[in-house]
Amino acid sequence: MFSLFTLCHLAATSPHKTVCDGRACRPGEGNAQGITHGSNPYDIRGGSLKLNPHEPDPASPLYAPLAAAAKDAASKGLVYMCAADYDFREIASNWMRAFVRLGLKNALVYALDAEAHAHLTARGVRSVDGSLAMADFNRTRLARHIQRAEAERHLAAAAVAASGVDVLLMDCSHVLLRDAAPLLHEAAHSVDVSVPRGNCDGRTTPRSPAGCNPNWSLVWLRGAGSAEQRSRAVAHQVAGVRLGMVDFYLRWWNGAHCILNGFGKLFSNSRPSLDDAAAGSTAVVTMPGGPAGGTRVGLLPLSFFDSPLLYGQQKRSGAAIERAAKPAQRDRLRLDRYDEQDFVELVSAMKENGLWFM
């Protein structure tokens, strides 16, 4: 028998379908359209669990297939990974096409639903079905799909690192234009986690000791190093997701970026200090108050990733990894899933910036 909560939850679930008028829905077409922060009839609280629903154990049934695929795909101990649901299938295919153009084979897509996995696999894209792990987040307070997707992709990357493989977790809208492995390997012996620099204004503060803020949407985890490095990298991911979930259920209005806020707070609250010695072109920051004590974070140079704008006109920067800016900011704060306009605008911007290879 359904409880009253379950009946309310079913009645208020945001619409999502993959078949529209007897054909495959265009990206975002099968979702609610035109949802704004002030008007969202589907935005309700999720389950009762306030913490991560599972651990990133590479031997568990949730992650064993991903760990095996990552080891099979890795080159020199490194695998590139992005996560995508069915709406992101075309963007994920474009993400993989960038690796094909460069002759690189060490990339895989972590599919967040079975439909995405089937679609990508049928088109020769290396994919792992993560739908069971994604569904496990339905037990948590994270009520919105894009929040659960953000949290799960970070835990999945931690599981890959825990299996002994270095992993660069990317958004599927990030486009690789040249192999980033040399920059990552350059600092591998010195750091546990590496992220791009963002919002660099040159001002050093206790929370921004290098004059730049870390960009947590693009994260490299040291899994192929020492056991200590691997342990610190995994603990960092788990703690970041946990803090992001806390940030969400304490501030219900918070949008999909609540998980990234968790990583930001984890970093700023850990008394970060800039090391005197850099690892090549990567600045090294130590987090003495981090979850594993002494986590070392590399701030990668702008030649690795440089995307100064989220919205508006943006020129190519020449970095190894680039991302197109969407034309204008829209009210997406309480969104469950992106609508069709979001995907149309993003693909258009990627084409304009020469980042679309389909």
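For clarity, every value in this text was computed on a predicted model and none was experimentally measured.

(A) Quick peek at the overall build of the chain. A tally of helices and strands in the chain yields 10 helices and 14 strands. Relative to its 358 residues, the chain shows a buried fraction of 56%. Within the chain, residue pairs in contact and separated by at least 24 positions form 68% of the contacts whose partners lie at least 6 positions apart. Carbon and sulfur atoms make up 54% of the accessible area of the chain, which amounts to about 14900 Å² in all.

(B) Quick peek at the pattern of salt bridges. Taken as a whole and judged by the stated rule, the model has 12 salt bridges. Close ionic contact of Arg26 with Glu29 constitutes a salt bridge, the shortest N to O distance being 3.4 Å. A residue is classified by how much of its surface remains accessible, and Arg26, at 40% relative accessible area, is partly exposed. Notably, a salt bridge pairs Arg126 with Asp72, separated by 3.0 Å at the nearest N-O pair.

(C) View of the nonpolar core. Leu66, Met81 and Tyr110 are the most contacted members of the largest nonpolar core, which has 50 residues in total. No other element matches the nine residues that helix 6 (residues 145-162) contributes to this core. With residues near it in sequence (within four places) discarded, Leu66 still touches Met81, Leu108, Tyr110, Val128, Ala156 and Val160. With 44 residues, the next largest nonpolar core counts Ile91, Ala107, Leu355 and Trp356 among its residues.

(D) Region of the structure containing the packing of aromatic side chains. Per the stated rule, a full pass over the model turns up seven aromatic pairs. Between Phe88 and Phe343, the ring centres sit 4.9 Å apart and the planes meet at 75°, which makes this aromatic pair edge-to-face. With a gap of 255 residues between them, Phe88 in the loop between strand 3 (78-84) and helix 3 (89-102) and Phe343 in helix 10 (residues 340-352) connect regions that are remote in the sequence. An aromatic cluster of at least three residues, connected via ring pairs, comprises Tyr80, Trp95 and Phe99. Directly above the aromatic system of Tyr86 lies the positively charged group of Arg89, at a separation of 4.0 Å from the ring centroid. Directly above the aromatic system of Phe357 lies the positively charged group of Arg101, at a separation of 4.0 Å from the ring centroid.

(E) Structural context of the pairing of strand 6 (residues 166-170). Most of strand 6 is tucked away: five of the five residues are buried. Residues Asp166, Leu168 and Met170 of strand 6 are buried on one face, and the alternating residues Val167 and Leu169, pointing to the opposite face, are buried as well. Judged from the five bridges that link them, strand 3 and strand 6 form a sheet pairing that is parallel. Considered in strand 6, the bridge of Leu78 is made with Asp166. When strand 6 meets strand 10 (residues 219-221), the two strands line up antiparallel, connected through three bridges. Looking across to strand 10, one finds that Val167 is bridged to Leu221.

(F) Molecular detail of the environment of Ser93. Tracing the backbone through its elements, the reader meets Ser93 in helix 3. Given a relative accessible area of 9%, Ser93 falls into the buried group. Distance from Ser93 to Val125, taken between C-alpha atoms, is 7.0 Å for residues 32 residues apart in sequence. What Ser93 contacts, discounting residues up to four positions off in sequence, is Leu120, Val125 and Met358.

(G) Molecular detail of empty space enclosed by the protein. By the definition in use, this model includes two cavities of 30 Å³ or more. A volume near 30 Å³ is recorded for the second largest cavity. Surrounding the second largest cavity, Asp306, Gln314, Lys315, Arg316, Ser317, Glu322, Arg323, Asn353 and Leu355 form its lining. The residue makeup of the lining of the second largest cavity, split by class, is one nonpolar, three polar and five charged.

(H) Region of interest: the confidence of the model for the chain. Confidence in the prediction for the chain averages 87 pLDDT; 87% of positions are at 70 or higher. Counted against residues more than four places away or in other chains, residues 1-11, with its pLDDT under 50, gives seven contacts.

(I) Just helix 3, in detail. Taking 1.5 Å of rise per residue, the 14 residues of helix 3 would be expected to cover 20 Å, and the 21 Å separating its terminal C-alpha atoms lies within 8% of that figure. Looking only at helix 3, the buried set comprises Arg89, Ile91, Ala92, Ser93, Asn94, Trp95, Met96, Ala98 and Phe99.

(J) Representation of the side chain of Asn94 within the structure. Take Asn94: it is sitting in helix 3. When near neighbours in sequence (up to four residues on either side) are disregarded, Asn94 contacts Val175, Met350, Leu355, Trp356, Phe357 and Met358.

(K) Geometry of the pairing of strand 4 (residues 107-111). With five of five residues buried, strand 4 is to be regarded as a mostly interior element. The pairing of strand 3 with strand 4 spans five bridges and is parallel. Within the sheet, the bridge partner assigned to Met81 lies in strand 4 and is Leu108. Examined bridge by bridge, strand 4 and strand 5 (residues 127-129) share three bridges and lie parallel to one another. Looking at strand 5, one finds that Tyr110 is bridged to Val128.

Criteria and cut-off values
- Residues numbered from 1 in each chain as written.
- Predicted model: local features only at pLDDT ≥ 70, side-chain atom pairs only at ≥ 80, totals over all residues.
- Heavy atoms only, no water.
- Helix = DSSP H or I, 4+ residues; strand = E, 2+ residues; numbered from the N terminus.
- Buried < 20%, exposed > 50% of the residue type's maximum accessible area, 1.4 Å probe, protein only.
- Contact = heavy atoms within 4.5 Å.
- Areas by Shrake-Rupley, 256 points an atom, 1.4 Å probe, with all protein chains shown as cover.
- Salt bridge = Lys/Arg side-chain N within 4 Å of Asp/Glu carboxyl O.
- Core = buried A, V, L, I, M, F, W, Y, C linked by side-chain atoms within 4.5 Å.
- Phe/Tyr/Trp six-rings, centres within 6.5 Å; stacked < 30°, edge-to-face > 60°.
- Lys NZ or Arg CZ within 6 Å of the ring centre and 35° of its normal.
- Pairing = 2+ DSSP bridges.
- 1 Å grid on protein atoms, 1.4 Å probe; cavity = no way out; pocket = protein on both sides within 12 Å on 5 of 7 lines; lining within 4 Å.
- Points joined across faces, edges and corners; volume = space filled by probe spheres on them.
- Nonpolar A, V, L, I, M, F, W, Y, C, P; charged D, E, K, R; others polar.
- pLDDT = per-residue confidence, 0-100.
- Expected span 1.5 Å × (residues − 1).

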